[in-house]
Amino acid sequence: MFEDISKVLLITDMDGTFLPSSKVPSDDSLKAINRLMAAGGRFSIATGRSLQATMQYFEYFDVNCPIIMCNGGMVYDINERKQIYDVYLNESARELTKRILKDNPTVGCEVLPLDNVYVPQMTDMEDAHCKICKVTPVICSVDEIPDNWYKVLFAQKPELLGELVKYVEGINSGYEDTDFVISAPTYYEMLPRGISKGSALNELKKAQGMEDFTVVAMGDYDNDIEMIKAADVGICPSNAIDSVKAAADIVLDVSCEESVAAVVVDYIFEEINKKHRR
């Protein structure tokens, strides 16, 4: 499986995996991914973040493969500055969003088309999310948001998120073209039906002619599970939730605070070296 480093792709979730709580990748992680790419391997990220919230990180590191954003709604070539694959929520998502916000006035919300981050219902939790992502949102009504939504994020206090999930599950039977996923203890996201980081990984491989690559994928939360399953080797840090640990091939004994990427790059090179010694 690890025959040639030039046929290996390492793709990682950002928050809670590649990024520690400081939201700044460690020097060890940066050195490791540079080592991987210098040897001929491929490196990419798969995130729920918007384009605006993702691009700032390329001041810290490079990728040599298109990236996955919006939890699978978009595969984006940062060098060409263009989408190579994208899929949008159906127009019914607008009606569903308005209904959720009307019945849940304490829930924050942001909507992600390509051009900006739109916030139709600002709360302390949503404001905190915008600050974490370092984006300046456009505050407007749901009806004022442009078409072509990749996803909708709902933000709620962690002790109340279960109530939101239960509410949505109770009304979503009439909206068969949407899926929902918990992406953090405070975030519940609406995506197009069948769209995930896993589905986007398959599209990335097809678009780049990488069907014969060995893919190593890292993640820590529910929105990473389909990508971990789609990879040849799925890995999670020790801080991953139980459902991710159950899906992963390898559960590390280090957390996102301990340069997980460096540990995984070392693993990849060890596997390559094993093949060469045989």
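Refer to the structure printed above.
Residues numbered from 1 in each chain as written. Predicted model: local features only at pLDDT ≥ 70, side-chain atom pairs only at ≥ 80, totals over all residues. Heavy atoms only, no water.

Moving on, we come to the packing of aromatic side chains. Evaluated as defined, the whole model comprises 8 aromatic pairs. Each ring, one from Phe18 and one from Phe43, has its centre 5.8 Å from the other, and the planes form 50°; the classification is tilted. With a gap of 25 residues between them, Phe18 in the loop between strand E1 (8-12) and helix H1 (27-38) and Phe43 in strand E2 (residues 42-45) connect regions that are remote in the sequence. Here the aromatic rings of Tyr57 and Tyr60 are separated by 5.9 Å at their centres, their planes lie at 35°, and the arrangement is tilted. Exposure remark for Tyr60: the relative accessible area of 38% places this residue in the partly exposed category. Pairwise contacts between aromatic rings join Phe18, Phe43, Phe58 and Phe61 into one cluster. The aromatic ring of Phe269 is capped on one face by Arg35, whose charged end is 4.1 Å from the ring centroid. (Phe/Tyr/Trp six-rings, centres within 6.5 Å; stacked < 30°, edge-to-face > 60°. Helix = DSSP H or I, 4+ residues; strand = E, 2+ residues; numbered from the N terminus. Buried < 20%, exposed > 50% of the residue type's maximum accessible area, 1.4 Å probe, protein only. Lys NZ or Arg CZ within 6 Å of the ring centre and 35° of its normal.)

In this section: the sheet that holds strand E5 (residues 82-86). Taken in spatial order, the 3 strands make up an open sheet running E3-E4-E5, and their pairing is antiparallel. Each end of this open sheet is capped by a strand with a single partner; those strands are strand E3 (67-69) and E5. Direction aside, neighbouring strands of the sheet carry axes that sit 35° apart on average. In terms of strand pairing, strand E4 (residues 74-77) meets E5 through 4 bridges, oriented antiparallel. Across the sheet, Tyr76 pairs through a bridge with Gln83, a residue of E5. In the packing of helix H6 (residues 197-208) onto the sheet, contacts are made with E3, E4 and E5, and the angle to E3 comes to roughly 150°. (Pairing = 2+ DSSP bridges. Axes fitted to C-alpha atoms, helices over the stretch in contact; angles between N-to-C directions. Contact = heavy atoms within 4.5 Å.)

Along its 12 residues, H6 runs 16 Å from first to last C-alpha, staying within 8% of the 16 Å computed at 1.5 Å per residue. Residues of H6 that are buried include every one of Lys197, Gly198, Ser199, Ala200, Leu201, Leu204 and Lys205, and no others. Looking at the packing, one finds that the buried side of H6 touches E1, E3, E4, strand E12 (214-218) and helix H7 (225-230). The N-capping residue of H6, defined by a side-chain oxygen 3.1 Å from the backbone nitrogen of Gly198, is Ser196. Following H6 by one or two positions, Gly209 adopts a phi angle in the positive range, close to 65°. (Expected span 1.5 Å × (residues − 1). Polar contact = N/O pair within 3.5 Å; in protein donor to acceptor, adjacent residues only side chain to side chain.)

Attention now goes to the environment of Glu257. Structurally, the position occupied by Glu257 is in the loop between strand E14 (250-251) and helix H9 (260-277). Note on Glu257: relative accessible area 45%, which makes it partly exposed. For Glu257 and Asn239, which are 18 residues apart along the polypeptide, the C-alpha to C-alpha distance reads 9.1 Å. Separated by 2.9 Å, the side chain of Glu257 and the backbone nitrogen of Ser21 make a polar contact.

Another point: the environment of Ile84. Along the chain, Ile84 falls in strand E5. In this structure, the C-alpha to C-alpha distance between Ile84 and Val24, residues 60 residues apart in sequence, is 27 Å. With residues up to four places along the chain from it excluded, the contact list for Ile84 reads Pro66, Val75, Asp77, Ala207 and Gln208.

Spatial ordering of the open sheet is given by E8-E7-E6-E9-E11-E10, a layout of 6 strands whose pairing is mixed. Of all the strands in the sheet, just strand E8 (138-139) and strand E10 (178-184) have a single pairing partner and so form its edges. Sheet topology note: the strand E7 (residues 118-121)/E8 ladder contains 2 bridges and is parallel. Bridge pairing links Tyr118 to Val138 in E8. Across the sheet, helix H4 (residues 124-133) touches strand E6 (108-112), E7, strand E9 (151-155) and strand E11 (187-192), and the angle it forms with E6 is around 45°. Where helix H5 (residues 158-171) meets the sheet, its contacts fall on E9, E10 and E11, and the angle it forms with E11 comes to roughly 30°.

Of the two faces of strand E13 (residues 233-236), both are covered, the one formed by Val233 and Ile235 as well as the one formed by Gly234 and Cys236. Relative to E13, E12 runs parallel, the two being bridged by 3 bridges. Bridge pairing links Met218 to Ile235 in E13. A crossover links E12 with its parallel partner E13, the connecting element being H7, and its sense is right-handed. By the bridge criterion, 2 bridges tie E13 to E14 in an arrangement that is parallel. Note that in E14 the partner of Cys236 across the bridge is Val251. Once you follow E13 into helix H8 (residues 242-247) and on to E14, the crossover reads as right-handed. (Right-handed = clockwise from strand over helix to strand, strands pointing away.)

In this section: unusual backbone geometry. Although it is not a glycine, Cys70 sits at a positive phi angle of roughly 55°. Here Cys70 is to be found in the loop between E3 and E4. You will see that Arg81, though not glycine, has its phi angle at about 55°, which is positive. Along the polypeptide, Arg81 turns up in the loop between E4 and E5. Residue class for Arg81 comes out exposed when judged on its relative accessible area of 53%.

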